[in-house]
Amino acid sequence: MNTDDPWPDANAVRLRVLKIQTKLHQWASDDPDRRFDDLYNLVYDPAVLVHAWQRVQGNRGARSAGVDGQTAYYIRAIRGEQAFLSELRGDLKARRFQPDPVREVMIPKAGGKRRRLGIATVRDRVVQAALKTVLEPIFEADFQPCSYGFRPGRRAQDAIAEIHYLTSRSYEWVVEGDIRACFDEISHSALLERMRDRIGDRRVLGLVKAFLKSDILGEDRQLRESSTGAPQGGILSPLLSNIALSVLDDQFAEAWKAFGDSHAREYRRRRGLANYRLVRYADDFVVLVAGSQRDAECLRDEAAAVLLRMGLHLSQEKTVIVHIDEGLDFLGMHIQRHKKLGAAKRFVYTYPSRAALAAVKAKVRSVTRGTTNQSLSELLNRLNPVLRGWTNYHRHGASSRTLAYLSSFTWRRVWIWLRHKHPKATVKELRRRYLRRWWPEHDEVVLFNPAAVAIVRYRYRGTSIPSPWATKESAA
(Lines give C-alpha, C1' and ligand atoms only; values in the text may rest on other atoms or scores of the structure.)
Protein backbone atom coordinates (compact mmCIF):
# COMPACT_ATOMS: atom_id res chain seq x y z
CA MET A 1 0.00 0.00 0.00
CA ASN A 2 1.38 3.40 -0.97
CA THR A 3 2.39 5.53 2.02
CA ASP A 4 0.72 8.57 0.48
CA ASP A 5 -2.65 6.85 0.21
CA PRO A 6 -5.36 7.95 2.67
CA TRP A 7 -5.96 5.76 5.70
CA PRO A 8 -8.37 2.94 4.74
CA ASP A 9 -11.95 2.77 5.98
CA ALA A 10 -13.27 0.02 8.27
CA ASN A 11 -14.44 -2.29 5.48
CA ALA A 12 -11.19 -2.00 3.54
CA VAL A 13 -9.23 -2.62 6.76
CA ARG A 14 -11.17 -5.81 7.53
CA LEU A 15 -10.68 -7.24 4.03
CA ARG A 16 -6.99 -6.28 3.83
CA VAL A 17 -6.12 -7.72 7.26
CA LEU A 18 -8.08 -10.91 6.57
CA LYS A 19 -6.20 -11.33 3.27
CA ILE A 20 -2.82 -10.82 4.97
CA GLN A 21 -3.58 -13.22 7.81
CA THR A 22 -5.03 -15.89 5.51
CA LYS A 23 -1.93 -15.86 3.31
CA LEU A 24 0.43 -16.03 6.28
CA HIS A 25 -1.52 -18.89 7.83
CA GLN A 26 -1.69 -20.80 4.56
CA TRP A 27 2.04 -20.43 3.89
CA ALA A 28 2.86 -21.55 7.44
CA SER A 29 0.47 -24.53 7.22
CA ASP A 30 1.75 -25.65 3.82
CA ASP A 31 5.41 -25.58 4.88
CA PRO A 32 6.08 -26.42 8.58
CA ASP A 33 9.78 -25.57 8.12
CA ARG A 34 9.29 -22.17 6.52
CA ARG A 35 10.89 -19.16 8.23
CA PHE A 36 9.35 -15.76 7.53
CA ASP A 37 12.08 -13.24 6.72
CA ASP A 38 10.10 -10.17 5.62
CA LEU A 39 7.31 -9.36 8.07
CA TYR A 40 8.28 -5.98 9.47
CA ASN A 41 6.67 -4.02 6.64
CA LEU A 42 3.35 -5.70 7.51
CA VAL A 43 3.56 -4.44 11.10
CA TYR A 44 3.36 -0.82 9.94
CA ASP A 45 0.97 -1.49 7.05
CA PRO A 46 -1.79 1.19 7.30
CA ALA A 47 -4.59 -1.41 7.39
CA VAL A 48 -2.84 -3.40 10.12
CA LEU A 49 -2.27 -0.27 12.23
CA VAL A 50 -5.89 0.86 11.84
CA HIS A 51 -7.05 -2.65 12.77
CA ALA A 52 -4.77 -2.58 15.80
CA TRP A 53 -6.07 0.84 16.84
CA GLN A 54 -9.67 -0.36 16.52
CA ARG A 55 -8.86 -3.26 18.78
CA VAL A 56 -7.11 -1.13 21.39
CA GLN A 57 -9.85 1.48 21.64
CA GLY A 58 -12.51 -1.23 21.80
CA ASN A 59 -10.93 -3.01 24.78
CA ARG A 60 -12.11 -2.47 28.33
CA GLY A 61 -8.61 -1.26 29.17
CA ALA A 62 -8.93 1.68 26.74
CA ARG A 63 -9.77 3.92 29.69
CA SER A 64 -6.55 2.97 31.52
CA ALA A 65 -3.54 5.19 30.93
CA GLY A 66 0.09 4.11 30.80
CA VAL A 67 3.07 6.04 32.13
CA ASP A 68 2.36 8.93 29.72
CA GLY A 69 -1.14 9.47 31.17
CA GLN A 70 -2.85 9.20 27.76
CA THR A 71 -5.96 7.12 27.14
CA ALA A 72 -7.67 6.09 23.91
CA TYR A 73 -10.22 8.86 24.48
CA TYR A 74 -7.39 11.42 24.71
CA ILE A 75 -6.02 10.20 21.37
CA ARG A 76 -9.41 10.54 19.69
CA ALA A 77 -10.41 13.87 21.22
CA ILE A 78 -7.11 15.75 21.51
CA ARG A 79 -4.38 14.33 19.28
CA GLY A 80 -6.55 12.95 16.48
CA GLU A 81 -6.50 9.35 15.26
CA GLN A 82 -4.87 9.95 11.88
CA ALA A 83 -2.14 12.17 13.30
CA PHE A 84 -1.44 9.61 16.02
CA LEU A 85 -1.28 6.68 13.57
CA SER A 86 0.78 8.62 11.01
CA GLU A 87 3.38 9.53 13.64
CA LEU A 88 3.46 5.95 14.93
CA ARG A 89 3.82 4.54 11.41
CA GLY A 90 6.66 6.94 10.68
CA ASP A 91 8.50 5.86 13.85
CA LEU A 92 8.07 2.18 12.99
CA LYS A 93 9.13 2.61 9.39
CA ALA A 94 12.24 4.59 10.36
CA ARG A 95 12.89 2.08 13.20
CA ARG A 96 12.84 4.90 15.76
CA PHE A 97 10.13 3.23 17.83
CA GLN A 98 11.05 2.31 21.41
CA PRO A 99 8.50 1.00 23.98
CA ASP A 100 7.80 3.07 27.07
CA PRO A 101 8.03 1.57 30.57
CA VAL A 102 5.03 -0.46 31.71
CA ARG A 103 2.96 0.89 34.61
CA GLU A 104 2.59 -1.79 37.27
CA VAL A 105 -0.69 -2.30 39.10
CA MET A 106 -1.17 -4.96 41.77
CA ILE A 107 -4.65 -6.52 41.75
CA PRO A 108 -6.02 -8.89 44.41
CA LYS A 109 -6.25 -12.64 43.85
CA ALA A 110 -8.12 -15.35 45.70
CA GLY A 111 -6.49 -16.27 48.98
CA GLY A 112 -5.31 -12.76 49.76
CA LYS A 113 -2.43 -12.76 47.28
CA ARG A 114 -1.88 -10.10 44.64
CA ARG A 115 -1.11 -10.38 40.93
CA ARG A 116 1.03 -7.99 38.90
CA LEU A 117 -0.70 -6.35 35.96
CA GLY A 118 1.27 -4.32 33.44
CA ILE A 119 -0.43 -1.36 31.73
CA ALA A 120 1.37 -0.22 28.59
CA THR A 121 0.86 3.13 26.90
CA VAL A 122 -1.77 3.34 24.15
CA ARG A 123 1.02 3.80 21.61
CA ASP A 124 2.70 0.56 22.72
CA ARG A 125 -0.62 -1.29 22.82
CA VAL A 126 -1.27 -0.45 19.17
CA VAL A 127 2.14 -1.79 18.12
CA GLN A 128 1.61 -4.93 20.21
CA ALA A 129 -1.78 -5.47 18.56
CA ALA A 130 -0.17 -5.01 15.13
CA LEU A 131 2.53 -7.54 16.01
CA LYS A 132 -0.09 -10.02 17.17
CA THR A 133 -2.09 -9.53 13.96
CA VAL A 134 0.96 -10.55 11.93
CA LEU A 135 2.43 -13.26 14.16
CA GLU A 136 -0.70 -15.09 15.34
CA PRO A 137 -1.67 -16.71 11.98
CA ILE A 138 1.87 -18.08 11.62
CA PHE A 139 2.09 -19.70 15.06
CA GLU A 140 -1.51 -20.90 14.94
CA ALA A 141 -0.41 -23.24 12.16
CA ASP A 142 1.95 -24.94 14.65
CA PHE A 143 -0.12 -24.92 17.85
CA GLN A 144 -1.52 -28.29 18.93
CA PRO A 145 -5.28 -29.05 19.22
CA CYS A 146 -4.87 -29.72 22.97
CA SER A 147 -4.34 -25.98 23.65
CA TYR A 148 -7.46 -23.83 24.03
CA GLY A 149 -6.66 -20.61 25.90
CA PHE A 150 -6.37 -17.24 24.10
CA ARG A 151 -6.71 -18.81 20.66
CA PRO A 152 -9.19 -17.71 17.96
CA GLY A 153 -12.34 -19.82 17.74
CA ARG A 154 -11.54 -21.79 20.91
CA ARG A 155 -13.28 -21.59 24.27
CA ALA A 156 -12.91 -22.81 27.80
CA GLN A 157 -15.92 -25.07 27.16
CA ASP A 158 -13.88 -26.92 24.52
CA ALA A 159 -11.24 -27.80 27.13
CA ILE A 160 -13.89 -28.88 29.65
CA ALA A 161 -15.64 -30.97 26.99
CA GLU A 162 -12.40 -32.76 26.13
CA ILE A 163 -11.75 -33.55 29.79
CA HIS A 164 -15.31 -34.87 30.10
CA TYR A 165 -14.86 -36.96 26.95
CA LEU A 166 -11.57 -38.56 28.03
CA THR A 167 -12.44 -39.14 31.68
CA SER A 168 -15.60 -40.93 30.49
CA ARG A 169 -13.29 -43.31 28.59
CA SER A 170 -10.92 -44.77 31.19
CA TYR A 171 -8.65 -41.74 31.67
CA GLU A 172 -9.21 -41.83 35.42
CA TRP A 173 -6.06 -40.31 36.92
CA VAL A 174 -5.55 -36.57 36.55
CA VAL A 175 -2.46 -34.42 37.06
CA GLU A 176 -3.67 -30.90 37.88
CA GLY A 177 -0.76 -28.68 36.86
CA ASP A 178 -0.14 -25.25 38.33
CA ILE A 179 2.72 -23.23 36.86
CA ARG A 180 4.30 -20.90 39.39
CA ALA A 181 4.10 -17.24 38.28
CA CYS A 182 3.97 -18.24 34.62
CA PHE A 183 3.79 -14.76 33.10
CA ASP A 184 6.58 -13.50 35.38
CA GLU A 185 9.14 -16.28 34.89
CA ILE A 186 9.20 -17.09 31.17
CA SER A 187 12.81 -17.05 29.96
CA HIS A 188 13.25 -14.33 27.33
CA SER A 189 16.12 -16.11 25.60
CA ALA A 190 14.27 -19.45 25.45
CA LEU A 191 11.10 -17.76 24.13
CA LEU A 192 12.95 -15.82 21.42
CA GLU A 193 14.87 -18.95 20.43
CA ARG A 194 11.58 -20.77 19.99
CA MET A 195 10.21 -17.90 17.90
CA ARG A 196 13.29 -18.04 15.63
CA ASP A 197 12.12 -21.43 14.35
CA ARG A 198 9.45 -19.53 12.43
CA ILE A 199 10.48 -15.87 12.37
CA GLY A 200 13.64 -14.94 10.51
CA ASP A 201 12.98 -11.19 10.41
CA ARG A 202 15.34 -9.71 12.99
CA ARG A 203 13.43 -6.45 13.05
CA VAL A 204 10.28 -8.21 14.27
CA LEU A 205 12.21 -10.26 16.82
CA GLY A 206 13.94 -7.09 17.98
CA LEU A 207 10.58 -5.42 18.50
CA VAL A 208 9.28 -8.39 20.51
CA LYS A 209 12.47 -8.38 22.59
CA ALA A 210 12.11 -4.64 23.23
CA PHE A 211 8.63 -5.21 24.66
CA LEU A 212 9.85 -8.11 26.80
CA LYS A 213 12.72 -5.99 28.15
CA SER A 214 10.57 -2.89 28.82
CA ASP A 215 11.22 -1.35 32.22
CA ILE A 216 8.50 -1.60 34.87
CA LEU A 217 7.31 1.46 36.79
CA GLY A 218 6.17 0.06 40.14
CA GLU A 219 3.48 1.44 42.41
CA ASP A 220 6.32 2.89 44.46
CA ARG A 221 7.24 4.99 41.36
CA GLN A 222 10.59 3.18 41.04
CA LEU A 223 11.81 1.85 37.66
CA ARG A 224 12.86 -1.79 37.55
CA GLU A 225 14.44 -3.79 34.76
CA SER A 226 12.60 -6.79 33.30
CA SER A 227 14.85 -9.85 32.95
CA THR A 228 12.16 -12.55 32.67
CA GLY A 229 8.45 -12.84 31.92
CA ALA A 230 5.89 -11.06 29.78
CA PRO A 231 3.81 -8.36 31.52
CA GLN A 232 0.37 -9.80 32.22
CA GLY A 233 -2.30 -7.57 30.71
CA GLY A 234 -0.41 -6.79 27.50
CA ILE A 235 -2.10 -7.55 24.19
CA LEU A 236 0.90 -9.54 22.97
CA SER A 237 1.49 -11.45 26.23
CA PRO A 238 -1.12 -14.24 25.74
CA LEU A 239 0.37 -15.13 22.34
CA LEU A 240 3.92 -15.11 23.72
CA SER A 241 2.89 -17.32 26.65
CA ASN A 242 1.23 -19.76 24.25
CA ILE A 243 4.42 -19.88 22.17
CA ALA A 244 6.43 -20.62 25.32
CA LEU A 245 3.99 -23.23 26.67
CA SER A 246 3.65 -24.93 23.29
CA VAL A 247 6.83 -26.78 24.24
CA LEU A 248 4.63 -28.73 26.67
CA ASP A 249 1.91 -29.26 24.04
CA ASP A 250 4.43 -30.60 21.51
CA GLN A 251 5.93 -33.03 24.01
CA PHE A 252 2.58 -34.65 24.85
CA ALA A 253 1.20 -34.42 21.31
CA GLU A 254 4.19 -36.34 19.97
CA ALA A 255 3.68 -39.02 22.61
CA TRP A 256 -0.03 -39.27 21.77
CA LYS A 257 0.77 -39.63 18.09
CA ALA A 258 3.32 -42.36 18.88
CA PHE A 259 0.66 -44.37 20.73
CA GLY A 260 -1.09 -45.04 17.41
CA ASP A 261 -4.80 -45.54 16.81
CA SER A 262 -7.40 -46.76 19.32
CA HIS A 263 -6.48 -50.41 18.76
CA ALA A 264 -2.80 -49.69 19.40
CA ARG A 265 -3.66 -47.75 22.57
CA GLU A 266 -5.83 -50.62 23.78
CA TYR A 267 -2.94 -53.02 23.17
CA ARG A 268 -0.68 -50.74 25.23
CA ARG A 269 -3.09 -50.94 28.14
CA ARG A 270 -3.19 -54.73 28.00
CA ARG A 271 0.61 -54.68 28.26
CA GLY A 272 0.38 -52.50 31.37
CA LEU A 273 1.54 -49.29 29.65
CA ALA A 274 -0.21 -45.98 30.22
CA ASN A 275 -1.91 -43.75 27.67
CA TYR A 276 -2.15 -40.08 28.44
CA ARG A 277 -3.21 -36.77 26.99
CA LEU A 278 -2.69 -33.10 27.81
CA VAL A 279 -5.44 -30.46 27.92
CA ARG A 280 -4.22 -26.89 28.41
CA TYR A 281 -5.93 -23.54 28.75
CA ALA A 282 -3.33 -20.75 28.97
CA ASP A 283 -1.19 -21.59 32.03
CA ASP A 284 -3.74 -24.04 33.48
CA PHE A 285 -3.35 -27.62 32.32
CA VAL A 286 -4.27 -31.19 33.19
CA VAL A 287 -2.71 -34.48 32.11
CA LEU A 288 -5.33 -37.23 31.82
CA VAL A 289 -3.91 -40.70 32.37
CA ALA A 290 -5.31 -44.11 31.49
CA GLY A 291 -3.03 -46.01 33.83
CA SER A 292 -2.01 -45.96 37.47
CA GLN A 293 -1.25 -43.31 40.03
CA ARG A 294 2.43 -44.12 39.60
CA ASP A 295 2.12 -43.33 35.88
CA ALA A 296 0.55 -39.99 36.77
CA GLU A 297 3.44 -39.18 39.14
CA CYS A 298 5.98 -39.91 36.38
CA LEU A 299 4.09 -37.66 33.95
CA ARG A 300 4.03 -34.85 36.51
CA ASP A 301 7.82 -35.05 36.70
CA GLU A 302 8.05 -35.16 32.90
CA ALA A 303 5.92 -32.02 32.57
CA ALA A 304 8.10 -30.25 35.14
CA ALA A 305 11.25 -31.13 33.19
CA VAL A 306 9.76 -29.86 29.91
CA LEU A 307 8.67 -26.56 31.44
CA LEU A 308 12.12 -26.03 32.89
CA ARG A 309 13.40 -25.46 29.34
CA MET A 310 11.36 -22.24 29.29
CA GLY A 311 12.47 -21.19 32.77
CA LEU A 312 9.13 -22.25 34.29
CA HIS A 313 8.46 -24.31 37.41
CA LEU A 314 5.50 -26.29 38.68
CA SER A 315 4.11 -25.27 42.05
CA GLN A 316 4.78 -28.20 44.39
CA GLU A 317 1.86 -27.25 46.64
CA LYS A 318 -0.77 -26.68 43.94
CA THR A 319 0.19 -29.39 41.44
CA VAL A 320 -1.77 -32.43 42.63
CA ILE A 321 -2.78 -35.85 41.38
CA VAL A 322 -6.41 -36.87 41.83
CA HIS A 323 -8.72 -39.65 40.71
CA ILE A 324 -11.77 -38.69 38.68
CA ASP A 325 -13.95 -40.21 41.42
CA GLU A 326 -12.53 -37.58 43.80
CA GLY A 327 -13.18 -34.84 41.24
CA LEU A 328 -11.23 -31.76 40.18
CA ASP A 329 -11.88 -28.06 39.63
CA PHE A 330 -10.87 -26.67 36.25
CA LEU A 331 -11.83 -23.33 34.67
CA GLY A 332 -14.67 -22.75 37.10
CA MET A 333 -16.19 -26.22 36.70
CA HIS A 334 -16.09 -29.21 39.05
CA ILE A 335 -15.63 -32.46 37.12
CA GLN A 336 -16.34 -35.72 38.94
CA ARG A 337 -17.53 -39.25 38.30
CA HIS A 338 -20.24 -40.76 40.48
CA LYS A 339 -23.34 -42.88 40.32
CA LYS A 340 -26.40 -41.54 38.62
CA LEU A 341 -29.30 -41.04 41.00
CA GLY A 342 -31.34 -44.24 41.07
CA ALA A 343 -28.87 -46.21 38.95
CA ALA A 344 -25.81 -48.36 39.51
CA LYS A 345 -23.76 -47.08 36.59
CA ARG A 346 -21.31 -44.22 37.11
CA PHE A 347 -21.05 -41.17 34.85
CA VAL A 348 -18.77 -38.13 34.66
CA TYR A 349 -20.59 -34.89 35.48
CA THR A 350 -19.56 -31.26 35.26
CA TYR A 351 -20.93 -28.75 37.76
CA PRO A 352 -20.19 -25.12 38.57
CA SER A 353 -17.42 -25.21 41.15
CA ARG A 354 -18.02 -23.92 44.66
CA ALA A 355 -15.41 -21.22 44.12
CA ALA A 356 -17.17 -20.03 40.94
CA LEU A 357 -20.53 -19.92 42.72
CA ALA A 358 -19.01 -18.06 45.66
CA ALA A 359 -17.48 -15.51 43.26
CA VAL A 360 -20.76 -14.70 41.50
CA LYS A 361 -22.59 -14.52 44.83
CA ALA A 362 -19.99 -12.03 46.04
CA LYS A 363 -20.62 -9.88 42.95
CA VAL A 364 -24.39 -9.98 43.46
CA ARG A 365 -23.95 -9.18 47.14
CA SER A 366 -21.63 -6.27 46.30
CA VAL A 367 -24.10 -4.73 43.82
CA THR A 368 -27.09 -5.07 46.14
CA ARG A 369 -25.20 -3.87 49.21
CA GLY A 370 -24.50 -0.43 47.80
CA THR A 371 -26.47 2.77 47.93
CA THR A 372 -30.24 2.74 47.54
CA ASN A 373 -30.27 6.15 45.84
CA GLN A 374 -30.48 4.49 42.41
CA SER A 375 -33.69 3.14 40.92
CA LEU A 376 -34.50 -0.55 40.75
CA SER A 377 -34.07 -0.50 36.97
CA GLU A 378 -30.50 0.80 37.39
CA LEU A 379 -29.78 -1.93 39.90
CA LEU A 380 -31.15 -4.59 37.54
CA ASN A 381 -29.08 -3.21 34.67
CA ARG A 382 -25.97 -3.75 36.81
CA LEU A 383 -27.01 -7.23 37.94
CA ASN A 384 -28.20 -8.66 34.63
CA PRO A 385 -24.84 -8.73 32.77
CA VAL A 386 -23.23 -10.49 35.75
CA LEU A 387 -25.96 -13.13 35.94
CA ARG A 388 -26.26 -13.58 32.17
CA GLY A 389 -22.53 -14.04 31.60
CA TRP A 390 -22.10 -16.49 34.48
CA THR A 391 -25.18 -18.49 33.48
CA ASN A 392 -24.24 -18.73 29.81
CA TYR A 393 -20.80 -20.03 30.77
CA HIS A 394 -22.13 -22.70 33.15
CA ARG A 395 -25.28 -23.72 31.27
CA HIS A 396 -23.45 -26.60 29.58
CA GLY A 397 -22.96 -28.59 32.79
CA ALA A 398 -25.31 -30.31 35.22
CA SER A 399 -26.18 -26.88 36.57
CA SER A 400 -29.96 -26.74 36.96
CA ARG A 401 -29.92 -26.87 40.77
CA THR A 402 -27.10 -24.36 40.98
CA LEU A 403 -28.90 -21.94 38.65
CA ALA A 404 -32.12 -22.33 40.65
CA TYR A 405 -30.19 -21.56 43.83
CA LEU A 406 -28.56 -18.50 42.21
CA SER A 407 -31.99 -17.25 41.13
CA SER A 408 -33.43 -17.52 44.63
CA PHE A 409 -30.29 -15.98 46.17
CA THR A 410 -30.44 -12.99 43.80
CA TRP A 411 -34.18 -12.57 44.39
CA ARG A 412 -33.58 -12.41 48.14
CA ARG A 413 -30.80 -9.86 47.72
CA VAL A 414 -32.99 -7.63 45.52
CA TRP A 415 -35.87 -7.96 47.96
CA ILE A 416 -33.65 -6.93 50.90
CA TRP A 417 -32.42 -3.97 48.84
CA LEU A 418 -36.01 -2.90 48.16
CA ARG A 419 -36.91 -3.13 51.85
CA HIS A 420 -33.95 -0.88 52.68
CA LYS A 421 -34.89 1.56 49.92
CA HIS A 422 -38.54 1.76 51.05
CA PRO A 423 -38.48 1.01 54.79
CA LYS A 424 -42.03 2.28 55.35
CA ALA A 425 -43.66 0.49 52.41
CA THR A 426 -45.69 -2.65 53.02
CA VAL A 427 -45.03 -5.98 51.31
CA LYS A 428 -48.25 -5.54 49.34
CA GLU A 429 -47.18 -2.11 48.10
CA LEU A 430 -43.68 -3.26 47.12
CA ARG A 431 -45.14 -6.21 45.28
CA ARG A 432 -47.57 -3.98 43.40
CA ARG A 433 -44.86 -1.53 42.38
CA TYR A 434 -41.88 -3.79 41.68
CA LEU A 435 -42.74 -7.49 41.78
CA ARG A 436 -45.41 -8.39 39.29
CA ARG A 437 -45.81 -12.16 39.36
CA TRP A 438 -43.35 -11.99 42.27
CA TRP A 439 -40.37 -11.27 40.00
CA PRO A 440 -38.43 -7.93 40.14
CA GLU A 441 -39.26 -5.57 37.28
CA HIS A 442 -39.10 -1.81 36.82
CA ASP A 443 -39.31 0.52 33.82
CA GLU A 444 -39.47 -2.48 31.47
CA VAL A 445 -36.22 -3.87 32.90
CA VAL A 446 -36.67 -7.40 34.27
CA LEU A 447 -34.23 -9.24 36.52
CA PHE A 448 -32.45 -11.96 34.55
CA ASN A 449 -33.55 -15.38 35.76
CA PRO A 450 -30.76 -18.00 35.62
CA ALA A 451 -33.22 -20.80 36.42
CA ALA A 452 -35.12 -20.10 33.18
CA VAL A 453 -32.07 -20.87 31.00
CA ALA A 454 -32.12 -24.30 29.35
CA ILE A 455 -29.25 -26.69 30.14
CA VAL A 456 -27.55 -27.79 26.91
CA ARG A 457 -24.59 -30.18 26.76
CA TYR A 458 -21.67 -28.56 24.94
CA ARG A 459 -20.77 -30.44 21.77
CA TYR A 460 -17.26 -31.88 21.93
CA ARG A 461 -15.46 -30.64 18.82
CA GLY A 462 -12.15 -32.45 19.27
CA THR A 463 -9.75 -31.69 16.43
CA SER A 464 -12.48 -30.29 14.16
CA ILE A 465 -12.31 -26.69 15.44
CA PRO A 466 -11.93 -24.57 12.29
CA SER A 467 -9.29 -21.92 11.83
CA PRO A 468 -10.61 -18.40 11.12
CA TRP A 469 -8.12 -18.21 8.24
CA ALA A 470 -8.83 -21.57 6.63
CA THR A 471 -9.27 -21.35 2.86
CA LYS A 472 -11.72 -23.50 0.93
CA GLU A 473 -8.86 -25.67 -0.33
CA SER A 474 -7.40 -26.27 3.13
CA ALA A 475 -10.84 -26.85 4.65
CA ALA A 476 -11.54 -29.52 2.05
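Residues numbered from 1 in each chain as written. Predicted model: local features only at pLDDT ≥ 70, side-chain atom pairs only at ≥ 80, totals over all residues. Heavy atoms only, no water.

> For the overall build of the protein, give the residues involved together with the corresponding values.
Looking only at helices and strands, the protein features 18 helices and 13 strands. Taking 23 Å as the expected radius of gyration for a compact globule of 476 residues, we find that the protein reaches 25 Å, a close match to that expectation. By its C-alpha atoms, the protein is 70 × 70 × 50 Å across when sized along the principal axes. In the protein, which comprises 476 residues, the proportion classed as buried is 49%. Put simply, 71% of the contacts in the protein that link residues at least 6 apart link residues at least 24 apart. Counting only carbon and sulfur atoms, one obtains 48% of the accessible surface of the protein, whose full area is about 24100 Å². Side-chain charges of the protein comprise 79 positive and 54 negative groups, with the mean position of each set lying 9 Å from the other. (Helix = DSSP H or I, 4+ residues; strand = E, 2+ residues; numbered from the N terminus. Rg over C-alpha atoms; globule rule 2.2 N^0.38 Å. Buried < 20%, exposed > 50% of the residue type's maximum accessible area, 1.4 Å probe, protein only. Contact = heavy atoms within 4.5 Å. Areas by Shrake-Rupley, 256 points an atom, 1.4 Å probe, with all protein chains shown as cover. Lys, Arg positive; Asp, Glu negative; His and termini not counted. Charge placed at Lys NZ, Arg CZ, Asp CG, Glu CD.)

> Tell me about helix α13 (residues 293-308), and name the residues and values.
Here α13 contains 16 residues, and its C-alpha end-to-end distance of 23 Å stays within 8% of the 22 Å for a straight helix at 1.5 Å per residue. Those residues of α13 lying buried are A296, L299, A303, V306 and L307. The arc that holds the buried residues of α13, viewed along the axis, is 90 degrees, so those residues lie on one side. Where α13 is buried, its residues touch β3 (173-178), α11 (237-259), β6 (275-281), β7 (284-290) and β8 (320-323). (Expected span 1.5 Å × (residues − 1). Arc of directions from axis to C-beta.)

> Pulling in residues and values, what's your account of the packing of aromatic side chains?
Counted under the stated rule, the structure contains 14 aromatic pairs. Both rings, one in Y171 and one in W256, keep their centres 6.4 Å apart while their planes meet at 50 degrees; by these two values the pair is tilted. Taken together, the residues span a long stretch of sequence, with Y171 in the loop between α7 (156-167) and β3 and W256 in helix α11 at a distance of 85 residues. Above the plane of the ring of F36 lies R34, whose end atom (NZ or CZ) is 5.1 Å from the centre. Residue placement shows K361 over the ring face of F409; its charged tip is 5.1 Å from the ring centre. (Phe/Tyr/Trp six-rings, centres within 6.5 Å; stacked < 30°, edge-to-face > 60°. Lys NZ or Arg CZ within 6 Å of the ring centre and 35° of its normal.)

> Please set out the environment of G311 residue by residue, giving values where relevant.
If you trace the backbone, G311 turns up in the loop between α13 and β8. G311 sits in the partly exposed class, given a relative accessible area of 23%. Separated by 288 residues in sequence, G311 and K23 have C-alpha atoms that sit 33 Å apart. Not counting the four nearest positions on each side in its chain, G311 is found in contact with E185 and S187.

> Help me get a handle on the packing of helix α16 (residues 400-421) against helix α17 (residues 427-434), residues and values and all.
Helix packing geometry: the angle between the two helix axes and the distance between the axes. It is at 11 Å that the axes of α16 and α17 come closest, and there the two elements cross at 115 degrees. As summarised for this structure, α16 and α17 are arranged roughly perpendicular, according to the angle between their axes. For the crossing formed where α16 meets α17, the hand is right-handed. Of the residues in α17, those in contact with W415, L418 and R419 of α16 are V427, L430 and Y434. Within the contact of α16 with α17, the residues separate by chemical class into 5 nonpolar, no polar and 1 charged. (Axes fitted to C-alpha atoms, helices over the stretch in contact; angles between N-to-C directions. Parallel < 35°, antiparallel > 145°, perpendicular 65-115°, else oblique. Left-handed = near helix turned anticlockwise from the far one by under 90°. Nonpolar A, V, L, I, M, F, W, Y, C, P; charged D, E, K, R; others polar.)

> Any details on the packing of helix α15 (residues 376-394) against α16? Residues and values, ideally.
The contact between α15 and α16 brings their axes to 12 Å, and the two run at 165 degrees. The orientation of α15 with respect to α16, classified from their angle, is roughly antiparallel. Crossing hand, α15 versus α16: right-handed. Across the interface between the two elements, L376, L379, L383, L387, W390 and T391 of α15 pack against T402, L403, L406, T410, V414, W417 and L418 of α16. The residue inventory of the contact of α15 with α16, partitioned by class, reads 10 nonpolar, 3 polar and no charged.

> Could you give an account of helix α10 (residues 202-212), naming the residues involved and the relevant values?
Among the residues of α10, V204, L205, L207, V208, F211 and L212 are the ones counted as buried. The buried side chains of α10 occupy one side of the element, clustering within an arc of 155 degrees when seen end-on. Check the buried side of α10 and you find it contacts α2 (40-43), α5 (81-93), α6 (122-140), α9 (188-195) and α11. Where α10 starts, the residue carrying a side-chain oxygen 3.0 Å from the main-chain nitrogen of R203 turns out to be D201. (Polar contact = N/O pair within 3.5 Å; in protein donor to acceptor, adjacent residues only side chain to side chain.)

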